[in-house]
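Take a look at the letters that make up each chain.
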Amino acid sequence: MKYTSYHSVDITSNIETLTPALGEPLFQDLNAVDDKVQIEYEIKLPNGKEVYLYSWKEYRRLNKSSYIDFHIGARSRQESLEARDYINSLITKSRNPKQ
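Right, let's walk through the structure included here. Predicted, not measured: the structure shown is a model, and the values here were computed from it.

How each quantity is defined
Residues numbered from 1 in each chain as written. Predicted model: local features only at pLDDT ≥ 70, side-chain atom pairs only at ≥ 80, totals over all residues. Heavy atoms only, no water. Buried < 20%, exposed > 50% of the residue type's maximum accessible area, 1.4 Å probe, protein only. Helix = DSSP H or I, 4+ residues; strand = E, 2+ residues; numbered from the N terminus. Pairing = 2+ DSSP bridges. Phe/Tyr/Trp six-rings, centres within 6.5 Å; stacked < 30°, edge-to-face > 60°.

**Quick word on the pairing of strand 5 (residues 68-74)**
Among the 7 residues in strand 5, 6 count as buried, and that is most of the element. Two elements, strand 1 (residues 5-13) and strand 5, share 6 bridges in a ladder whose sense is antiparallel. Residue pairing across strands places Thr12 opposite Asp69, the latter belonging to strand 5. Pairing analysis gives 3 bridges linking strand 4 (residues 50-54) to strand 5, with the strands arranged antiparallel. Opposite Tyr52, over in strand 5, you have Gly73 as the bridge partner.

**Re the packing of aromatic side chains**
Aromatic ring pairs are defined here through the distance separating the ring centres and the angle between the ring planes. This structure, assessed with the given rule, holds 2 aromatic pairs. Taking the centre distance of 6.4 Å and the plane angle of 65° together, the rings of Tyr41 and Phe70 count as edge-to-face. With Tyr41 in strand 3 (residues 39-44) and Phe70 in strand 5, the pair connects residues that are 29 residues apart, well separated along the chain. Look at Tyr54 and Trp56: their rings are 6.1 Å apart centre to centre, the planes differ by 90°, and that puts the pair in the edge-to-face class. Assessed through its relative accessible area of 32%, Trp56 is described here as partly exposed.

These figures come from the coordinates and say nothing about function on their own.
Structure representation (structure tokens):
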């Protein structure tokens, strides 16, 4: 995660929902129960900036249907909020491709 931090903005979802919307994760080790991060996505916003969506301190074995409170790593709170809206729009589009 390059020069980003967490600004108290989250998305609760699972891998089954996120991967069709965001593509394959940048990093994934669902069995790494002692690691702080088990899955991470890199997302390019429409303005070209990159943000990161990552699990944080789940400390449990995950599977693709596990609901996770994903943190958004960004450069500011405003960018985190924009990222959350953008990610939610990608999820909606992946569920309803005709819209």
